[in-house]
Every structure is written in structure tokens, then in C-alpha cells.
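Coordinate inspection notes
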Amino acid sequence: MKSEMIDLKIKLQQLHQRVDSLKDQINTEEATKNAFVLPFIQILGYDIFNPTEVIPEFICDIGTKKGEKVDYVIKNNDEPVLIIECKNWKENVDAHNSQLHRYYHLAKARFGVLTNGHVYNFYTDLEKPNIMDDKPFFTLDLNDIKDSSIKILGNFTKTDYNLESILDSAEALKYIKAIRKEFDKEVTNPSDEFVKLLVNKFFDKPLTASRMVTFREYTKKSVSNSINDSISLRLKSALNINENITKDKTTEVEAPIDSNVEIPKFITTEEELEGFQIVKAILREKIATERIAFRDTQSYFGILLDDNNRKPLARLHFNSSNKYIELFHNGKDSGEKLVLASLDDIYNYREQLHKTFENY
């Protein structure tokens, strides 16, 4: 993770500690704003003491209804970028987006934030221009700070504010979240449509009501078992890696090695395989997935076109503290190495990966 992102994460963790330690003494919305929300705005790099940059009580008169105010409007280079509406930390922010919805187009900012000081819901207008969506495209919860959330939030900071980058990822974030929610529902209680989608692929008899009940239970168990097996595999892989690290560090005398047994010089990690799947997902827009292969080496994890070493699509360098992706879109034999703060960063190089394939 880049130093700026690490710094941002540390500050958010400190704010989380502050919220936890003070919340029982905070009884009003105004106190929530002063104790929790203003420090958050400061973390984003904005000057809360500059009324031309952080504008409190911004007037949003609606028709004949006068005196309507949004809690804060944040400006970057004199352009409104965020409106923030605050609620008491005890309230559920998901239940209050109608007020922010009314202010959204009047403030002329592209993004709206609804917060209770520890949950921050970010909204934009993906569905209809100038009309705020009903659902947030991104939620930051100080109780569960993820590295992926830090990266998204970084685009909202004063120094790194990037409208295009946020909009590029906003739609994906919104619909991935929606799909995940629907999938979780299907795992817990499979719908008839989901059961039929799976069962009709191998069962050619009529699905009567009684059979649907039976197959719904089968589906629920099979999906649950699949998820559990995946988790077990990851845990086993992690335990094996930890065990290998422990063995490497131990000073005890080890048992003699059988000279007839070939010892692998490298281990393909779960992280490398996950990176490969991301690259494959990007390239499948241009090419059949069976033409995308990988070969692991001691130095790097190579991703190849047609399993041909002379046609590298990308290389993953995950064997050091910093992770890199090596790209070949410039048509040269030697690639361009780029730092990855997280595996999600690979999605930023979609165009370069497509160009590499097109060069071949």
C-alpha cells in the first residue's frame, strides 16, 4: 500500500478510536458534527476553518420552501465536490437519504454523503443526471475499515480528488454491491428461479412443487458446501505457507532429505492465482479464456497468450514486500513494472492489457 494510503488508514483508525471513546458522551446531532464529522473532513485534507472551502449550513432553498440548509458543502478549486448531511451517531443513516436527495441538485456537487459520524454513505447520479440515486455506491464504515475502501476514499481527498476515477468505479461498486446482496439472499434462501437455473442443466423431468422443495434444500446445501470448501482451501493454503515460513526460520536440525524426491523451487500462492483470475476477467472481453495461460517461475508469475513464452500478457511480481504488475503494451520485450497497492489495482490497467493482446 502506498504511503499516502497508509497515512489515510492510520488517521481513520485514530478517528474510529475517537468515536468509540466519545460516543457515549455525545447526545446531539450538532455534537456529532463537531466531534466526529469535522475531523473526518480534515482527514480528507480540507480546511474546516476556511468558509470558502468547507461551507457550513449551505442554503438550499427549494421552491417556496425557504431556509433549507445542508450541513456542509466541500469545495475543491472553487468547485463544489461534496455535500454532507449529518445525523446523530445513534441514528441509522440508511433511513435518512430523502433529505440529502432534496439538496443534491441544488448544491451542484457530483457527490453526496450521508453520515452519522461512523458510517459514511456516498451517493451520485448514475441512474438519472442531477437526480441522486436512492442507493449509495460506496459505504465507509469506521468499524470495518478495508484496504479497498481506503483506496476509493483516497480519490475524494483534496490533493488526489479525481472525478473521472470515482465515476469510473462508482457504477461497478454500486452493481457489485447489489449483486452480492442478491447472491447472499440466494445462499440463505434459494429462489425458484435460481433453483431452476441450476437444476434444469442436468434434470430433464418436470419440476413439480414437491420436487422444487427438495431441490431447494439440495441447492442450499450444495452452495453452502462449496463456500465452506473454498474457505477451507484458503485456510489450508495459509496454514501451509505459515508452516513453511516457520520451518525456514527454525534452527533445529531437520530430518535428512530424500535425494529421490524433487523439491519445488517455488510455490504458487493464492494471491498469484487471484491476480491471474483478475487479468483473465479483463482479457476475456477480447479473447477466449482458454487462450490465457500461466507459468509460475522463481522470479515472477507469468501470464501468457496461448501458453507461449514469447507472448507475455503480464507478469505478477509478488515475491517481495512491494507488489508489481509488469505490462507489455508498449510492444517491447521488457515490460513496464507498476506498483500495486492491492490486487484491485489491476483493474486500473484494463486498456494496457487489451493493447498488449491487440499487439500480438
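For the structure, see preceding data.
Residues numbered from 1 in each chain as written. Predicted model: local features only at pLDDT ≥ 70, side-chain atom pairs only at ≥ 80, totals over all residues. Heavy atoms only, no water.

So, on to the sheet that holds strand S5 (residues 119-123). Strand order in this open sheet of six strands is S1-S2-S3-S4-S5-S6, and the pairing throughout is mixed. The sheet is open, and its two edges are formed by strand S1 (54-59) and strand S6 (138-141), each paired on a single side. When the angles between neighbouring strand axes are averaged without regard to direction, this sheet yields 25 degrees. Pairing analysis gives five bridges linking strand S3 (residues 79-86) to strand S4 (residues 111-115), with the strands arranged parallel. For Ile 84, the partnering residue across the bridge sits in S4 and is Val 113. (Pairing = 2+ DSSP bridges. Helix = DSSP H or I, 4+ residues; strand = E, 2+ residues; numbered from the N terminus. Axes fitted to C-alpha atoms, helices over the stretch in contact; angles between N-to-C directions.)

Glancing now at the packing of aromatic side chains. Counting across every chain of the model gives eleven aromatic pairs. Ring centres of Phe 294 and Phe 301 lie 4.8 Å apart, and the angle between their planes is 20 degrees; this geometry places the pair in the stacked category. Under the relative-accessibility criterion, Phe 301 is labelled buried at 0%. Taking NZ or CZ as reference, Arg 315 lies 4.3 Å from the ring centre of Tyr 300, over its face. (Phe/Tyr/Trp six-rings, centres within 6.5 Å; stacked < 30°, edge-to-face > 60°. Buried < 20%, exposed > 50% of the residue type's maximum accessible area, 1.4 Å probe, protein only. Lys NZ or Arg CZ within 6 Å of the ring centre and 35° of its normal.)

As a further point, take the nonpolar core. Of all hydrophobic cores here, the largest spans 39 residues; its most connected members are Leu 12, Phe 40, Ile 41, Tyr 72, Ile 74, Leu 82 and Phe 122. The element that contributes the greatest number of residues to this core is helix H2 (residues 29-43), accounting for seven residues. Those residues in contact with Leu 82 that lie beyond four places of it in its chain are Leu 44, Tyr 72, Val 73, Ile 74, Ala 109, Phe 111, Val 113, Phe 122 and Phe 156. Formed by 23 residues, the second largest nonpolar core is a distinct cluster that contains Leu 283, Ile 303, Leu 340 and Phe 357. (Core = buried A, V, L, I, M, F, W, Y, C linked by side-chain atoms within 4.5 Å. Contact = heavy atoms within 4.5 Å.)

Let's shift gears to the sheet that holds strand S7 (residues 292-296). Strands pair in a sheet through their backbones, by hydrogen bonds, and they do so in one of two ways: parallel or antiparallel. The antiparallel open sheet is built from five strands, whose spatial order is S7-S8-S9-S10-S11. If you trace the sheet from one side to the other, it starts and ends with S7 and strand S11 (336-340), each paired once. With strand direction ignored, the average angle separating the axes of adjacent strands in the sheet is 20 degrees. Looking at chain direction, S7 and strand S8 (residues 301-305) are connected through five bridges and run antiparallel. Each bridged residue has a counterpart across the sheet, and for Asp 296 the counterpart in S8 is Phe 301. Against the sheet, helix H8 (residues 270-283) makes contact with S7, S8, strand S9 (312-317) and strand S10 (323-327), and its axis sits at roughly 155 degrees relative to S7, the strand it touches most. Contacts from helix H9 (residues 350-359) reach S8, S9 and S10 within the one sheet, and its direction differs from that of S9 by about 135 degrees.

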